[in-house]
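Okay, here's what each chain looks like letter by letter:
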Amino acid sequence: MGNPLLRGPGADPTIIAHRGASADAPENTMPAFELAFRFTSWLETDVQPTADGVPVLLHDADLDRTTDGMGPVRELAYADLQALDAGSWFSPHFARTPVPTLRGLLDALPHDGHVLLEIKGPHTDAQLGAVLEVVERSGVDERVLLQSFEREALARLHALRPERPLGLLTGAWDDDPVAECRRYGAVLYNPDHRLLEGRDLQRLHAHGIASAPYTADAPADWSRLHALGADAIITDRPGALEDWLAERP
């Protein structure tokens, strides 16, 4: 698969829609994904398992914030999850929007669509295997890049699929990001965008590693990240970022 996110000379950073176009539609739902693909070919979303092992797209460990359900998503069977409303919390316009499955997203992926898929929270080998099975049987395997903060999960993914490029999410800049990426077979090093200030990305780039910092929603931050050489920008506002890039001198 290589590294599709390395930024070429003179190019703008790739726009990656965080949980879809989550400033304008309920995060991690098909309406948010569909809106995101109007502005960019890349979206970011989170995957975790139901009680019966179905990979679904939800950020929080609990259902309370973004659905009308309660409690841990991992304690609810998929059949019961299907009945929940994941849209009304955002706006009545999105009432009865369901929690999507990973399979459902990949089945609906546009011909040029790409997914930066975060393995959310700890996963067993069986749960990782379920994600890999869906991705590898989707017909769009080469357009899905798995990433995680969970370094143990990345290590197991790398052991299961040593040829598969991965992404390393981090909330703190490592002493040697290149060595950390090599440890997990990562081609993406994705820090909080505030950590990028003053960091030299040239060494990452020299080793074929791109950086897609998260989650920048303000023009001042977009300008800073653009100048620093970020390969991609993860944002809740992909439409606004597209307009900002188009209006730059």
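Quick caveat, the model's predicted, so the values are computed rather than measured.

Colleague: Could you give an account of the nonpolar core, with specific residues and numbers?
Modeller: Formed by 48 residues in total, the largest nonpolar core has its most connected members in Leu102, Leu106, Val115, Leu117, Val131, Leu146 and Leu157. Core analysis: the second largest hydrophobic core is formed by 13 residues, Leu145, Val187, Leu188 and Ile234 among them.

Colleague: Account for unusual backbone geometry, with residues named and values stated.
Modeller: If you check the backbone angles, arginine 19 has positive phi at about 60° while not being a glycine. Using a relative accessible area of 14% as the deciding quantity, one classes arginine 19 as buried.

Colleague: Which residues make up the packing of helix 4 (residues 125–136) against helix 5 (residues 151–160), and what values go with them?
Modeller: Between helix 4 and helix 5, whose axes approach to 11 Å, the crossing angle comes to 60°. Considering their axes alone, helix 4 and helix 5 lie oblique with respect to each other. Classified by chirality, the crossing of helix 5 by helix 4 is right-handed. In this structure, helix 4 uses Asp125, Leu128 and Leu132 to contact helix 5, whose residues at the interface are Ala153, Arg156, Leu157 and Leu160. Residues belonging to the contact of helix 4 with helix 5 are distributed by class as follows: five nonpolar, no polar and two charged.

So, how was this worked out
Residues numbered from 1 in each chain as written. Predicted model: local features only at pLDDT ≥ 70, side-chain atom pairs only at ≥ 80, totals over all residues. Heavy atoms only, no water. Core = buried A, V, L, I, M, F, W, Y, C linked by side-chain atoms within 4.5 Å. Buried < 20%, exposed > 50% of the residue type's maximum accessible area, 1.4 Å probe, protein only. Axes fitted to C-alpha atoms, helices over the stretch in contact; angles between N-to-C directions. Helix = DSSP H or I, 4+ residues; strand = E, 2+ residues; numbered from the N terminus. Parallel < 35°, antiparallel > 145°, perpendicular 65-115°, else oblique. Left-handed = near helix turned anticlockwise from the far one by under 90°. Contact = heavy atoms within 4.5 Å. Nonpolar A, V, L, I, M, F, W, Y, C, P; charged D, E, K, R; others polar.

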